[in-house]
Amino acid sequence: MRESDHDLLRWARIDARRLSLDVSREHLLRWYRQMLLARLVDDRLADLRAGGYASGGASCRGHEAAQIGCIAALSIGTDFILPYYRDLAAMLALGMPPRAIFLNQLSRGSDPISNGRMRPAQWNSRALNVISASGLVGTQTLHAAGIAFAARIRGEAAVALTFFGEGATSQGDFHEALNFAGLHHLPVIFVCENNGIALSTPQGTQMPVQHVADRAAAYGMPGVIVDGTDLLAVIATARDAFANARAGKGPTLIEVVVPRLATDAPDPRDPVLALRGYLLSRQDLTDAQDERLRADLGIMIDAALQEAVNAPSPDPATVAEHLFSDSGASSRKEA
Amino acid sequence: MRESDHDLLRWARIDARRLSLDVSREHLLRWYRQMLLARLVDDRLADLRAGGYASGGASCRGHEAAQIGCIAALSIGTDFILPYYRDLAAMLALGMPPRAIFLNQLSRGSDPISNGRMRPAQWNSRALNVISASGLVGTQTLHAAGIAFAARIRGEAAVALTFFGEGATSQGDFHEALNFAGLHHLPVIFVCENNGIALSTPQGTQMPVQHVADRAAAYGMPGVIVDGTDLLAVIATARDAFANARAGKGPTLIEVVVPRLATDAPDPRDPVLALRGYLLSRQDLTDAQDERLRADLGIMIDAALQEAVNAPSPDPATVAEHLFSDSGASSRKEA
Amino acid sequence: MPEQSMIAALRAGLREEMARDARVVLLGEDIGAAGGIFNATQGLRREFGEARVWDMPLAEGAIVGISIGAAMGGLRPVAEIGFADYLLGAMHQIVNEAAKLRYRSGGEWTCPIVIRAPYGGGGGGPDHTQNVEAFFAHVPGLKVVIPSSPADMKGLIKAAIRDGDPVIFLEPKRIYHDPVGEVPDAEYIVPLGVASVCRAGTDASVITYGAMVKESLAAAEVLAAEDGIQVEVVDVRTLQPLDFATIATSVHKTTRAVVFHEAVRFAGFGAEIAAFIAETCFDDLASPVLRVGARSLPTPAAPELERAVLPHAATLIDAVRHLVAY
Amino acid sequence: MPEQSMIAALRAGLREEMARDARVVLLGEDIGAAGGIFNATQGLRREFGEARVWDMPLAEGAIVGISIGAAMGGLRPVAEIGFADYLLGAMHQIVNEAAKLRYRSGGEWTCPIVIRAPYGGGGGGPDHTQNVEAFFAHVPGLKVVIPSSPADMKGLIKAAIRDGDPVIFLEPKRIYHDPVGEVPDAEYIVPLGVASVCRAGTDASVITYGAMVKESLAAAEVLAAEDGIQVEVVDVRTLQPLDFATIATSVHKTTRAVVFHEAVRFAGFGAEIAAFIAETCFDDLASPVLRVGARSLPTPAAPELERAVLPHAATLIDAVRHLVAY
Ligand SMILES: Cc1ncc(C[n+]2csc(CCOP(=O)(O)OP(=O)(O)O)c2C)c(N)n1
Ligand SMILES: Cc1ncc(C[n+]2csc(CCOP(=O)(O)OP(=O)(O)O)c2C)c(N)n1
Ligand SMILES: [Mg+2]
Ligand SMILES: [Mg+2]
C-alpha cells in the first residue's frame, strides 16, 4: 500500500448486514468497551511518556479495531497469540488488566509481563497464552509457525495468531515463516497491521508491492486485505481465517490496513469513532450511556494507574531469577 | 515445480526460428563447444572424485545449457557473475581455463580460484568479474543486489547475474535480496537453476508453490520459467532480462528448469544431446566433426588435468597471506 | 560393553530419548530418509515415523525459530544444523530469542531445545570448519556442550535433551568415527557441568575439550615416554556450565596449566579458562598459564594449509615442555 | 579546540569522509530524513543527497549483505545497525562472508565496509543493550573498534572508513552525549591498533575500553584521593588489532592489572586481555589479574536491575583495592 492509498481508502463503513454477520448488541457493546478501554489506557500511557515518567512502547491509536477484531475471533485458552509492541488493544481485549500494563510501563517489581526485565510493551502472559514478545522485529513469525507445528504434531486444536507491522515483512524471518506454514498447511494466522510506515520509513521505501497481502501467493496461502478501522470487517475476515486453520486448510495472511493516528487530534479515520457512530445509528448506544461508560472506565483505569505508580521498584536481589530452570542435574550457579 | 513435472516437461525442443533468434552457425558451434567442454571436464571431475583423488564440488550435468545460455547473454568484463558451486559450465563458458578448475579441485598451491583455501567449486575470478562464491547457500543473492546498487550509484553499466538452486530460495537472504532489487529496480538477474531437489530434499518439501518464478510477483519483478535444457530458449530469456536491466527496468527472476542427471547414464533430457541433435538436423555439424571436436577437447583437458596433478601442494608458509590488506596505518601482525 | 563410534553413540542417544519421550522431535535439513550429512539420524525416521523426524526447508534461522516455537507448544525439539558454520544464520534466534525467553517472561515460557551441529576442523575450509563455541559460551541463558568420547556423546546428548533450557551441542566432526570407545549398556546420562579427568598426572594440567582431548592424550603419552612428564588431562565437557572446581583442583595439584582448544586462540574460550586459572590459582602457579589454539586465520581447505593453522598434539607437546622448563 | 559530544564527533567524522571520498555511502534504517535513532546521520542526506544516504528496508542481514556487494562494486559503504543486538541477524553475512572474502579469493576481492552500531547498557533491556564485541573479536578477518572519547570517535571512524577491510565499529550509546571533549580542528585520524594511556599511574593498570573508560577514570580519582592508589588507565580502543605492547608495558610498570569491561565477564573479551597478561607478564605480576565485567545475566530494562547486573566505577574500586591489598 502506497502512502497515498490511506487517503483514498474510505473508512468507517461498518455494517453487519453487508457482511452477513450475526452480532448481538451485547457483542457490539463488549467490543466497543474494549476499544474504549484501549483508547483510554493508550491516552494514559501517552501522558506518562509525555511527562517523562515512562519511555518505550508505541501507541495503538488507530489499530484498535484491527487488533480487537482478530482477538474476537479466537478461542481464549486454546489459541496462542504472538504479538508485537503495538498490540496494546489486543492484550486488553484478551483480558490483560490495565494494572499489568501500567506496572509494565513503569518497570515495577511486580510487573507481571516481564518482572521489570524488558522495555515496556514486550507483552507476555502464560495464563492468556500470549508468547513473550521479542524486541526484535519479525522473529515471532517463526515462533508462530513453530507453535502451530507443535499443535499439528500433538493433535491439538490450537491456532497461532501473530501480529506484526508491514516493516517486519522485509525480514527474512517473515519469508521463512510463511514458507514453512504454507508448506505444511499449519494453523497460523499472520496479521500484518499495515499503517504505511515503519518508524520513519514509508512502505514505498520498504517494498515494491502495493499490498503485503500480495505476497501470500508466494507461500501458497490466501492473502486478504481488510479495512482495519472496520471492526466488523476484521472480525468477519479473522473468523474465516480461524475456521480455515481449524479445518486443516492452512494459514492465512491478513493485511489490516490501519491509520497511525496522532495522539492528540481527532481523526475521521478513527476506528473508535466509527464504531461509536455505528452503535449510535443502530440505537445500541446513547450519548449518555457512552459518557457513563467512559467515566466508569476512566475511574477503573486511574485506580490501576495509581496502584502501579505506588508499586515498588524491582528488587535487585531477584535479578538472577529465571535465567535457567533449576531442575535436575543441570541446575547451576551463575558463572 | 513438483518432482513429477520434470517428466511432464518436453525436453529438447530447440528451435531458433520459433524464438525468432538470429543465431549464426559460428555462434551455435561455439556454444556447443562450451557445452561439450563442460561435460568432458565434469566427467573428469567425477572420475577424480570416484577415484578418491578429490572431494567436494557438484556435477553440472543437465545444467549446462541453463548456465551457458545465461553467460551467452552477458557482457564479459562489464557484468558481474555471482555463481554457486554447481556453475562449472558457466565458469568454462566465461573463459575460466580447465587447468584452473583442476588445480582448484585438487587444492593445489597454484589454484587460481582460492589458493587452495576453499573446498572445490567456490568459484572466483577477479579477471572475469566472478565474485568469490561462499560455501553458504543463498548469501550471494544479497551481494548481487549490492553490486547492482553500486553500479546504479556509480552510473556504471554493469549487471549482476547470480545463480542459485531452488533450495536456496527458502533462505531469508533470497527474500531480502529480491525485495531490495525490486524496490530500487536494480540491474540484477536472479537465475534459479531448478533441478527439483536440494541434496535429498525434493522441491515439494521446500516450498508450497509450483514454481520459484511464482514468487517474483511478490517482489514487483517479472518471473520467467524456461526449459533449461533448451539452450536457445535460455539465451532468448536471458537476453530479454539483460536488456531490461540495462534499460533501467529492473531485475528479473528466471527459473531455468533442469534435470539433475546421473553421471553415468545417457538421458533423453540431456541438453548436450539436444543441442547436438539440433546441430546435426541443421547440418551445422556432422558426426565426424563432432567426434573430432570431442577428441580435441579431450586432449586439451587431459593435458590440463595432468598439469594440475603434477602441480605442488600449497606452501604452508603462504597461509597467512591475504587475511587483511597490509596498506596504511592499520597493517598488522597476526594476533 | 560394546564399542561404538561417536556417531553411533549419538544416534543411540537420540534413539533412546525419542523412545522415552514422545515430545522429542528432530528437525533439520536432509535428516529424514537421507539420515543427515553425517548419518546421525539414520534409521530414525523409519523407526519413529515422519511426524518425529522432519526434513526442513533450507533455512537455518527457520529451523531454530520454529524449534523455539515448537518448544513453547509442548515439544522437545532437537534441531540439526548441517555444519556449525550455518549457525551464524540463526544467531538472532539463538541469542536474542532462545537464550532470553525464560528470563524475559519471568519463567513463564521456556525453551527446552537442543541445537546440534557438527563443527571444527578436519577438512571443509573457512566456512565449513569454524569452531564457534566461544560465541555461545558468552551468552547468558545458553548451555554449551562438547563431547569428546562415545560414552560422553551418548550421555551428554541425553542430558541435553532432558534439560529445560536451550543447549548448543557441538560435535567435533573430525572424531565422529575415531575414537571408538566403550559405551555402557545400561541407561545413563552424563550431567551437564561436570568435567572429566581423562588422565591423571602430576606435572602439568591440560585443560581441553572436544577433538583436542584425543590429541592431548596422545601428547601426554609422548611427554611421559620422552620427557618423563606426567600430564593431567581435564576434559571440561561443558563450557557453560563450566566446572571451575575440577579445573582448580587439578592446577592446585600440578602447579602448571595449558589450555588447549582447536578454536582460534585469540579471544577464544580458552581465554576464559586461562584467565580463571590465572586469577584463582595465582599462588599455586609455578609458571604462566599457556594457551594453545589455532592461529588467527580462517581454516583453509587444503590439508597442508589446515595443518598449518590448527593446533595438534605436537603444538601441545612444545607448550608443555616450555612450561615445565619455565 | 571546540568541545563536542561523542555523537557530534561521529557525525563530523562521517561528514568529512563523505566529503573527501565520493565512494562513501551510508546505509541503514531510518538514517535519511530521520537521521538515525541517535541522530548520528542527521543532516547528511540534506548535505550529500539521497544517493549517498539510504533508508534501507527493515532487514539487518540485507543491510550488511548489500554493503558487502556494494563494496565489491566499488563503494565504501558505512552501514548503520540501529542497535548492536540487531547485528545477530547479520552474523552469517559478517562472519561467513565479510570476514572471509579477501582470504578466500586470495586477495582478489575485498570488503572495505564499516558496520556501525550503538551498543551496551544504559537502558533498553536484554535485547537492546548487549555487549557484542567478543563475538567479532574472535573472528579472523574482522577489525573491532570501540571509541571512548569524542576525539577518538572522530579519528577512529575516519580510520575505519579508510581501512581496506571490514570494521565492526561499536559505539557505547550510553556515552553518546557524555563525555564531551575537545576535538582537534585539523584533519586527523586515530590509527587502528594503537591503545591510549588515558591516565598514568604506578600502582595498578586498568585495561578497559568503551563506556568503562569514563568509569575507570572516575574510579581512579576516588582511589587516588581515598587510598593514595595511582591507577594507570589503558583504553585499548581497538580490540582487533589489539595493542599488546602498550598493555604489557603498563603492567610491567605497575605489576598489577584489572581488566574491566561492561560485557558479561564470563568468556568476555576481557578474558583475552587477562590471559595475555597472565602469560606474558607472569614474572612482573605482584598479584593475580582480575577481571571486572557484568554478571552472567541478560541486562534487564529496569534501572535498578540493570545496575545490579552491569559493572561500574564502584565495582572497579573494590577490585583495585583487593588487588593492591593482595
Ligand atoms: C531486528 C530489528 N530491527 C530494527 C528494529 C528497530 N525498530 C523497531 S520498530 C521498527 C519499525 C517497525 O515498523 P512496522 O513493522 O511497520 O511496525 P509499526 O511500528 O509501524 O506498527 C524498527 C525499525 C528492531 N526493533 N528490531
Ligand atoms: C547455509 C547453508 N545451509 C546448508 C548448506 C548445505 N547444503 C549445501 S548444498 C545444499 C542443497 C542446495 O540445494 P539447491 O539450492 O536446490 O541447489 P542444487 O545443489 O540442487 O543445485 C545444502 C542444503 C549450505 N551449504 N549452506
Ligand atoms: Mg508500520
Ligand atoms: Mg536443487
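Predicted, not measured: the structure shown is a model, and the values here were computed from it. (Residues numbered from 1 in each chain as written. Chains lettered and ligands numbered in written order. Predicted model: local features only at pLDDT ≥ 70, side-chain atom pairs only at ≥ 80, totals over all residues. Heavy atoms only, no water.)

Colleague: Hey, could you run me through the overall build of chain C in this one?
Modeller: Helix and strand counts for chain C stand at 12 helices and 14 strands. Relative to its length of 326 residues, chain C is compact, with a C-alpha radius of gyration of 19 Å against a globular reference of 20 Å. The proportion of buried residues among the 326 residues of chain C is 73%. Of the accessible surface of chain C, which amounts to about 8,200 Å², a share of 51% is contributed by carbon and sulfur atoms. Computed over 28 positive and 40 negative side-chain charges, the inter-centroid distance for chain C is 3 Å. (Helix = DSSP H or I, 4+ residues; strand = E, 2+ residues; numbered from the N terminus. Rg over C-alpha atoms; globule rule 2.2 N^0.38 Å. Buried < 20%, exposed > 50% of the residue type's maximum accessible area, 1.4 Å probe, protein only. Areas by Shrake-Rupley, 256 points an atom, 1.4 Å probe, with all protein chains shown as cover. Lys, Arg positive; Asp, Glu negative; His and termini not counted. Charge placed at Lys NZ, Arg CZ, Asp CG, Glu CD.)

Colleague: Explain the interface of chain C and chain D to me, please; I cannot follow it from the model alone.
Modeller: In many analyses, interface size is given as the accessible surface area lost on bringing the parts together. The interface is formed by 50 residues belonging to chain C together with 50 residues belonging to chain D. A buried area of about 4,300 Å², summed over both sides, lies between chain C and chain D, and 67% of it is on carbon and sulfur atoms. Linking chain C with chain D are four salt bridges, by the criterion used here. Note that Arg265(C) is salt-bridged to Glu279(D), the shortest N-O span being 3.5 Å. Taken together, chain C and chain D are joined by 19 residue pairs in polar contact (both at pLDDT 80 or more). If you list the elements that add at least two residues to the side of chain C that touches chain D, you get helix H4 (91-97), helix H6 (133-137), strand S12 (238-240), strand S13 (257-264), helix H10 (269-280) and strand S14 (290-294) of chain C. (Contact = heavy atoms within 4.5 Å. Buried area = accessible area lost by both parts, 1.4 Å probe. Salt bridge = Lys/Arg side-chain N within 4 Å of Asp/Glu carboxyl O. Polar contact = N/O pair within 3.5 Å; in protein donor to acceptor, adjacent residues only side chain to side chain.)

Colleague: How do you make sense of the interface of chain B and chain C when you look at a structure like this?
Modeller: Contacts between the two partners involve 31 residues from chain B, matched on the other side by 28 residues from chain C. Counting the surface lost from both chain B and chain C, the interface buries some 2,300 Å², and carbon and sulfur atoms represent 63% of this. For the pair chain B and chain C, the interface holds zero salt bridges. Summed over the shared surface of chain B and chain C, the number is 10 residue pairs in polar contact (both at pLDDT 80 or more). Looking at the side of chain B that touches chain C residue by residue, the classes come out as 12 nonpolar, 15 polar and four charged. (Nonpolar A, V, L, I, M, F, W, Y, C, P; charged D, E, K, R; others polar.)

Colleague: What is the right way to look at the coordination of the magnesium ion (ligand 4) in this model?
Modeller: Put simply, a metal with four donors set out as a tetrahedron has ideal angles of 109.5 degrees, and one with six donors set out as an octahedron has ideal angles of 90 or 180 degrees. Residue and element names in this part refer to chain B. With distances of 2.1 to 2.6 Å, the protein atoms coordinating the magnesium ion (ligand 4) are Glu 166 (OE), Glu 166 (OE), Asn 195 (OD1) and Ile 197 (O). Its six donor atoms give the magnesium ion (ligand 4) angles of 52 to 177° at the centre, a pattern that matches the irregular case. Donor residues for the magnesium ion (ligand 4) sit on one chain with the sequence pattern E-x28-N-x1-I. On the basis of relative accessible area, Asn 195 is assigned to the buried category, the value being 6%. Overall, Ile 197 belongs to the partly exposed group, its relative accessible area being 26%. (Donors = N, O, S within 2.8 Å, 3.2 Å for Na, K, Ca; no water. Tetrahedral: all angles 85-135°; square planar, octahedral: opposite > 155°, others 65-115°.)

Colleague: Sorry, what's going on with the site of ligand 1 here?
Modeller: Around ligand 1, the surrounding shell holds 20 residues, and the nearest of these are Tyr84(A), Tyr85(A), Arg86(A), Ile197(A) and Glu60(D). Mapping the residues near ligand 1 onto chains gives chains A and D. Taking 580 Å² as the accessible area of ligand 1 by itself, protein coverage stands at 94%. Of the residues belonging to the shell around ligand 1, the class tally is 10 nonpolar, six polar and four charged. (Near = heavy atom within 4 Å.)

Colleague: Would you take a moment to explain the sheet that holds strand S10 (residues 204-208) of chain C for this structure?
Modeller: Sheet strands line up and pair through hydrogen bonds in the backbone, either parallel or antiparallel. Residues and elements named next belong to chain C. Here we have five strands laid out as an open sheet, ordered S9-S11-S10-S13-S14, and mixed in their pairing. At either end of the open sheet lies a strand with only one pairing partner, and these are strand S9 (196-199) and S14. Adjacent strand axes in the sheet meet at a mean angle of 25°, parallel and antiparallel pairs treated alike. The pairing of S13 with S14 spans four bridges and is classified as parallel. The partner of Val 264 across the bridge, within S14, is Ala 294. Sitting on the sheet, H10 touches S10, S13 and S14, and the angle it makes with S13 is about 165°. (Pairing = 2+ DSSP bridges. Axes fitted to C-alpha atoms, helices over the stretch in contact; angles between N-to-C directions.)

Colleague: Even after reading the chapter, I still don't get helix H9 (residues 271-281) of chain B, so can you show me in this structure?
Modeller: An α-helical turn contains 3.6 residues, so any two residues separated by three or four positions project in the same direction. Residue and element names in this part refer to chain B. Buried residues of H9: Pro 271, Val 272, Ala 274, Leu 275, Tyr 278 and Leu 279, and no others. Taken end-on, H9 shows its buried residues confined to a sector of 160°, consistent with a single buried face. For H9, the side-chain oxygen to backbone nitrogen distance between the N-cap and Val 272 is 2.7 Å, and the N-cap itself is Asp 270. A positive phi of about 60° marks Gln 283, the residue just after H9. (Arc of directions from axis to C-beta.)

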